[in-house]
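Residue-level listing of the chains:
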Amino acid sequence: MIDKRLRALFDELVSNEGYVSGRRSFPRTLTPDDAVAMTAELHEELDQAAEARAHAAARMGKPLACGPGCSGCCEELVMVFQPEVLRVARWLAHPDNAAVRQRFLDAYPAWKARVGDAPAELEVAFIAGDNPAFLAKYRAQWRKRVLCAFNQDGMCTIYEVRPLVCRNAHAVGTSAHCVGDDPSGRIADRMESKQFDAWFEQVRGAVRAAHHAIGGAKQRPRSVVEAVYELVSGATMAPS
């Protein structure tokens, strides 16, 4: 991180597992503005690390398979915590992004009709700590091939502010196995990097801790599509 204050905030948030899990209250006030600002810088750092990982994979003869129009991962139901929801919603609230916001609002009803109660079911499984049930429901939904409401014509319309998990969706070699209903049953190959994966988990922990620190429901992720829709459709937000 460039901002030393936000770096100190990050270090504090991940200093205790209780902050991440919500079992322990963060000892001082954290504003939504700071939570979003920290998340934005973490997104940027993760992008830089992912780019370095992609170059390393290419040197090993495993070029990155992701590119414009490749949207298999955009058919996954992305669950996030409040700082990332706020970042996307604030970005959409900016006047410069009015057209993107309207396309999203127009696309939402069809998306919701297809996913039904899946987001709520995933929330329940996550809160209960039932990882097998969560993964089973997640994969079942992915196999339905429902494209994210933020994706238009194969392109992510919120790419600049997309969630952490979307920044880590990198396949190498081929993207042929990136869809949920791939008949081969194969899983897409990815570049293994213990250092990157450890950093990713730490970043995700900081965002989750920030979620709890700003008053988010304990251990409750939301579908980024549903949560952002509730914000941008229900009230006027001042751009950050």
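Quick caveat, the model's predicted, so the values are computed rather than measured.

A word on the packing of aromatic side chains
For any pair of aromatic rings, the description consists of the separation of the ring centres together with the inter-plane angle of the planes.
Phase 1 of the analysis: Following the criterion strictly, the structure yields ten aromatic pairs and no others.
Phase 2 of the analysis: On the numbers, 5.8 Å between centres and 70° between planes, the contact of F126 with F134 is edge-to-face.
Phase 3 of the analysis: Taken together, the ring pairs in this structure connect F104, Y108, W111, F150 and Y229 into an aromatic cluster.
Phase 4 of the analysis: Over the ring of Y159 we find R162, and its NZ or CZ is 3.7 Å from the ring centre.

Some words on the packing of helix α3 (residues 32–59) against helix α4 (residues 82–93)
Helix-helix packing is characterised by the crossing angle of the two axes and by the distance between the axes.
Phase 1 of the analysis: Where α3 contacts α4, the two axes come as close as 9 Å, and the packing angle between them is 90°. As judged from the angle between their axes, α3 and α4 are roughly perpendicular. The segment α3 lies against α4, with P32, D33, A35, V36, T39, A40 and H43 engaging P83, E84, L86, R87 and R90.

Focus: unusual backbone geometry
Phase 1 of the analysis: Within the chain, D153 stands out as a residue other than glycine whose phi angle is a positive 55°.
Phase 2 of the analysis: Among the secondary structure elements, D153 is positioned in the loop between β2 (151–152) and β3 (155–156).
Phase 3 of the analysis: Take D153: its relative accessible area is 79%, and that puts it in the exposed class.
Phase 4 of the analysis: In this structure, Q219 takes a positive phi of about 55° despite not being glycine.
Phase 5 of the analysis: Along the chain, Q219 turns up in the loop between α9 (194–213) and β4 (222–223).
Phase 6 of the analysis: Looking at Q219, the relative accessible area reads 19%, which means it is buried.

Reading guide: rules and limits
- Residues numbered from 1 in each chain as written.
- Predicted model: local features only at pLDDT ≥ 70, side-chain atom pairs only at ≥ 80, totals over all residues.
- Heavy atoms only, no water.
- Phe/Tyr/Trp six-rings, centres within 6.5 Å; stacked < 30°, edge-to-face > 60°.
- Lys NZ or Arg CZ within 6 Å of the ring centre and 35° of its normal.
- Axes fitted to C-alpha atoms, helices over the stretch in contact; angles between N-to-C directions.
- Helix = DSSP H or I, 4+ residues; strand = E, 2+ residues; numbered from the N terminus.
- Parallel < 35°, antiparallel > 145°, perpendicular 65-115°, else oblique.
- Contact = heavy atoms within 4.5 Å.
- Buried < 20%, exposed > 50% of the residue type's maximum accessible area, 1.4 Å probe, protein only.

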